[in-house]
Amino acid sequence: MKEAVQNRVDYEERAALLKVLANPVRLRLVHSLLTRGCHNVSCMEREIGMSQSCVSQHLQKLRLAGVVSADRLGNEVYYRVTSPEVAKLAAALFGEEEDDYAL
């Protein structure tokens with residue numbers, strides 16, 4: 001019986017992850033980070049054509065959800081996807097190989 005409890009799926013947690021990824025801007029940011037590796041906000045701003053504040057707000061939501069992490073290098077903050085689960089999901093969504101992604 002104890003093993004069955006450990007193997008239960010947390011549907012609330014999975015739904016929350018899907019909800020944070022359901023936004024097209026956040027999905028694009030995650031895909032870009034996976035395919036191009038670590039980026040700072042100004043690079044992502046140029047890549048997707050949105051303001052720094054907009055990109056930062058979306059990255060904050062991804063951070064709070066545990067999808068990305070941030071590392072400071074001097075004055076710059078670099079983001080990367082840290083969730084293998086998100087990499088698997090993106091690979092399935094985009095028909096790509098998870099092994100080609102930067103984690």
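A few points on the structure. Everything numeric in this text was worked out from a predicted model, so none of it was measured.

How each quantity is defined
Residues numbered from 1 in each chain as written. Predicted model: local features only at pLDDT ≥ 70, side-chain atom pairs only at ≥ 80, totals over all residues. Heavy atoms only, no water. Helix = DSSP H or I, 4+ residues; strand = E, 2+ residues; numbered from the N terminus. Expected span 1.5 Å × (residues − 1). Buried < 20%, exposed > 50% of the residue type's maximum accessible area, 1.4 Å probe, protein only. Arc of directions from axis to C-beta. Contact = heavy atoms within 4.5 Å. Pairing = 2+ DSSP bridges. Disulfide = S-S within 2.5 Å. Polar contact = N/O pair within 3.5 Å; in protein donor to acceptor, adjacent residues only side chain to side chain. Patch = residues over 30% accessible without salt bridge, like charges linked within 9 Å, V, L, I, M, F, W, Y side chains within 5 Å. Areas by Shrake-Rupley, 256 points an atom, 1.4 Å probe, with all protein chains shown as cover. Salt bridge = Lys/Arg side-chain N within 4 Å of Asp/Glu carboxyl O. Lys, Arg positive; Asp, Glu negative; His and termini not counted. Charge placed at Lys NZ, Arg CZ, Asp CG, Glu CD. Core = buried A, V, L, I, M, F, W, Y, C linked by side-chain atoms within 4.5 Å.

## Brief notes about helix 5 (residues 52–64)
In step 1: Look at helix 5: 18 Å from first C-alpha to last across 13 residues, which is about the 18 Å you get at 1.5 Å a residue.
In step 2: Of the positions making up helix 5, those classed as buried are Cys-54, Val-55, His-58, Leu-59 and Leu-62. Seen end-on, helix 5 carries its buried residues on one side only, within an arc spanning 130°. Turned more than 90 degrees off the buried face of helix 5, the exposed positions are Gln-57 and Leu-64.
In step 3: Tucked inside the fold, the buried residues of helix 5 contact helix 2 (11–21), helix 3 (24–36), helix 4 (41–48), strand 2 (68–73) and strand 3 (76–81).

## Some details on the pairing of strand 2
Here is the key point about a regular strand: its side chains alternate between the two faces of the sheet.
In step 1: In this structure, strand 2 lies alongside strand 3, joined through 6 bridges in antiparallel fashion. When the bridges of strand 3 are listed, Leu-73 appears paired with Glu-76.
In step 2: The turn joining strand 2 and strand 3, which pair antiparallel and follow one another in sequence, is formed by 2 residues; a positive phi near 65° is taken by Gly-74.

## A look at the state of the cysteines
In step 1: Summed over all chains, the structure comprises 0 disulfides.
In step 2: With no disulfide of its own, Cys-54 lies 16 Å from the sulfur of Cys-43, the closest cysteine sulfur.

## Topic: helix 2
In step 1: Buried within helix 2 we find Leu-17, Val-20 and Leu-21. Across the axial projection of helix 2, the buried residues extend over an arc of 100°, all falling on one side. Pointing more than 90 degrees away from the buried face of helix 2 are the exposed residues Tyr-11, Glu-12 and Lys-19.
In step 2: Taking the backbone nitrogen of Glu-12 as reference, a side-chain oxygen 3.2 Å away marks Asp-10 as the first, capping residue of helix 2.

## Examining a negative patch on the surface
In step 1: On the surface, a cluster of negative charge is made up of Glu-96, Glu-97, Asp-99 and Asp-100.
In step 2: Mapped onto the elements of the fold, Glu-96 is located in the segment after helix 6 (84–94).
In step 3: By relative accessible area, Glu-96 is classed as partly exposed at 30%.

## A look at the side chain of Ser-83
In step 1: With respect to the helices and strands, the residue Ser-83 is situated in the loop between strand 3 and helix 6.
In step 2: Judged by its relative accessible area of 11%, Ser-83 is buried.
In step 3: Sequence-distant contacts of Ser-83, that is, excluding residues within four places in its chain, are made with Gly-66, Val-67 and Leu-103.

## Focus on the nonpolar core
In step 1: Membership of the largest hydrophobic core comes to 23 residues, with the highest contact counts inside it found for Leu-29, Val-30, Leu-59, Leu-62 and Val-67.
In step 2: Taken together, the elements giving at least two residues each to this core come down to helix 2, helix 3, helix 4, helix 5, strand 3 and helix 6.
In step 3: The element best represented in this core is helix 3, accounting for 5 residues.
In step 4: In contact with Val-67, other than residues within four places in its own chain, are Leu-17, Val-20, Val-30, Leu-62, Arg-80, Val-81, Thr-82, Ser-83 and Val-86.

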